[in-house]
Amino acid sequence: MPGLLLRTLSGENTAERPVWLMRQAGRYLPEYRALRASKGGFLNLVYDSEAAAEITLQPIRRFGFDGAILFSDILIVPHAMGQDLEFLVGEGPHLSPRLLDAALTSLTAVPERLSPIYETVRQVKAALPGDKTMLGFAGSPWTVATYMVAGEGSRDQHDTRALAYRDRAGFQAIIDAIIGVTVEYLIGQIQAGAEAVQLFDSWSGSLAPSEFERWVIAPNAAIVRQLKARAPHVPIIGFPKGAGEKLTAYARETGVEAVGVDETIDPVWAARELPAGMPVQGNLDPLLLLAGGDELDRQALRVLEAFADRPHVFNLGHGIGQTTPIEHVEQLLALVRGWKR
């Protein structure tokens, strides 16, 4: 029988609530910190399939989450498209040449950079208990494009938004190229063993409504259509962080099976406004997990109760923070696993 998470993503309203946490494999875990210290920088870990598989499995061993999310990064796609990628301590990722200064056609693709990621998926799937779901992922085109254009992250994606207004055709070409690579990347993960995939659109909240339609909904819908044509059995979770009231259009128009809800959205509103029966994932504020205490329990119960009448995957509204105490994660899991519809 498929695991609890996979059944929920397929539309089953299970009595128990599956749970996993975005960034569940990471710096809040002492076992991760020890491995990273022995292996070097972040990118070294991502491209070391054995290490990346071990990191992916660490939170499953410790907490028994229902899903194992691939340890990788959304910027592997632009790296495979030919940009240089480095992660600088205290500064985050840097891509070069940035597409503000260079043409997309000047990049030389290096598709073999994706091969270690597929090997990571194979190793995790082989080691994963049968009741756990292997989750693959990729960044959505808008978010990936913001890094490719600016060369780094930014607060409001000013440079990329301006380019998209100034050169519609040129920016569409960037988006289309990302769509093509992302589809092949996710199909590669699925062929290696991923049972469900998530599309992260971390910066979708910076766009005006008409731009959201063009650069978030349309590209994600294109990816979903192509994935469904080639892997119709694999559920797709769409997570447009910051979408706000535009989340309902995203849920209706992209074709995803499940939609992720960030912490800025009232779960009661989401339960009422999203398509009936659609699986929802989220949406506890990661800072509540950092804070712990009675308020963590109260707010987690509110999320559980809000989504009681539809398939729901308990998760955070974004990634777990690196200073989150492990005992707070244990507190949350005890509450979620003890709750029944």
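Now for a quick tour of the structure. Keep in mind the model is a prediction, meaning the values are calculated, not measured. The written sequence of each chain sets the order in which its residues are numbered from 1. For a predicted model such as this one, the threshold for reporting local features is a pLDDT of at least 70, and the threshold for listing and counting side-chain atom pairs is 80 or more; totals across whole chains, interfaces and linings nevertheless cover every residue. To obtain the side-chain values, all non-hydrogen atoms of the structure were used and water was disregarded.

## Thoughts on the sheet that holds strand β6 (residues 236-240)
- What makes two strands pair is DSSP finding at least two bridges between them. Comment: elements are numbered from the N terminus, with helices defined as DSSP H or I runs of at least four residues and strands as E runs of at least two. The parallel open sheet is built from 7 strands, whose spatial order is β1-β4-β5-β6-β7-β8-β9. Both edges of this open sheet fall to β1 (67-69) and β9 (312-316), since each of them pairs with a single strand only. Looking at each pair of strands side by side, their axes are set apart by 25° on average, direction ignored.
- Bridge count for strand β4 (residues 133-139) against strand β5 (residues 196-201) is 5 bridges, and the pairing is parallel. Directly across from A138, in β5, lies its bridge partner L199.
- Note on contacts: a residue pair is in contact if any heavy atoms of the two residues lie within 4.5 Å. Axes, fitted as lines to C-alpha atoms, cover a helix only where it is in contact. Angles between the N-to-C directions of the axes lie from 0 to 180 degrees. Helix-sheet contacts for helix α14 (residues 293-306) involve β8 (280-284) and β9, and the interaxial angle to β8 is about 160°.

## Structural notes on a negative patch on the surface
- Patch members must show over 30% relative accessible area and no salt bridge, and they are joined within 9 Å when carrying like charges or within 5 Å when they are nonpolar side chains of Val, Leu, Ile, Met, Phe, Trp or Tyr. In these tables, accessible area is a Shrake-Rupley quantity obtained with a 1.4 Å probe, and a residue counts as shielded only by the protein chains included in the view. Salt bridge, as applied in this entry: a Lys or Arg side-chain nitrogen positioned within 4 Å of an Asp or Glu carboxyl oxygen. The charge count includes Lys and Arg as positive and Asp and Glu as negative, but it does not include His or the ends of the chains. To locate a charge, take atom NZ for lysine, CZ for arginine, CG for aspartate or CD for glutamate. Taken together, the side chains of D84, E86, E91, E152, D156 and D159 make up a negatively charged region of the molecular surface.
- With respect to the helices and strands, the residue D156 is situated in the loop between α7 (141-150) and α8 (158-166).

## Overview of the pairing of β5
- The cut-offs for exposure are 20% and 50% of the maximum accessible area for each residue type, with area from a 1.4 Å probe on protein chains only; residues under the lower value are buried, those over the upper are exposed, and the others partly exposed. With 6 of 6 residues buried, β5 lies mostly within the body of the structure.
- Residues A196, Q198 and F200 line one face of β5 and the alternating positions V197, L199 and D201 line the opposite face, and both faces are buried.
- Taken together, the 5 bridges between β5 and β6 define a ladder with parallel strand orientation. By the bridge assignment, Q198 is partnered in β6 with I237.
- Following the chain from β5 across helix α10 (residues 209-230) to the adjacent parallel β6, one finds a crossover that is right-handed. Call a crossover right-handed when, viewed with both strands pointing away from you, the route from the first strand across the helix to the second goes clockwise.

## Observations concerning the packing of aromatic side chains
- Centres within 6.5 Å are what make two rings of Phe, Tyr or Trp a pair, Trp counting through its six-membered ring; a difference in plane orientation under 30 degrees is then read as stacked, over 60 as edge-to-face, and the rest as tilted. This model, assessed by the stated rule, comprises 10 aromatic pairs.
- Note on Y28 and F63: the rings are 6.4 Å apart at their centroids and 10° apart in plane angle, and the pair reads as stacked. Taken together, the positions of Y28 in the loop between α1 (4-9) and α2 (30-39) and F63 in helix α4 (residues 49-63) put the pair 35 residues apart, joining distant regions of the chain. Per residue, the accessibility class of Y28 equals that of F63, and both read buried.
- Ring geometry for F171 against W215: centres 4.8 Å apart, planes inclined by 85°, an arrangement best described as edge-to-face.

## So, α7
- With respect to burial, α7 is a largely interior element, 10 of its 10 residues being buried.
- Burial in α7 covers these residues: P141, W142, T143, V144, A145, T146, Y147, M148, V149 and A150.

## Digging into the pattern of salt bridges
- As enumerated under the stated definition, the model contains 13 salt bridges in all.
- For the salt bridge of D101 with R98, the shortest nitrogen-to-oxygen distance reads 2.6 Å.
- On the basis of relative accessibility, which here comes to 56%, the residue D101 falls in the exposed class.

Shape is all these values report; function is a separate question.
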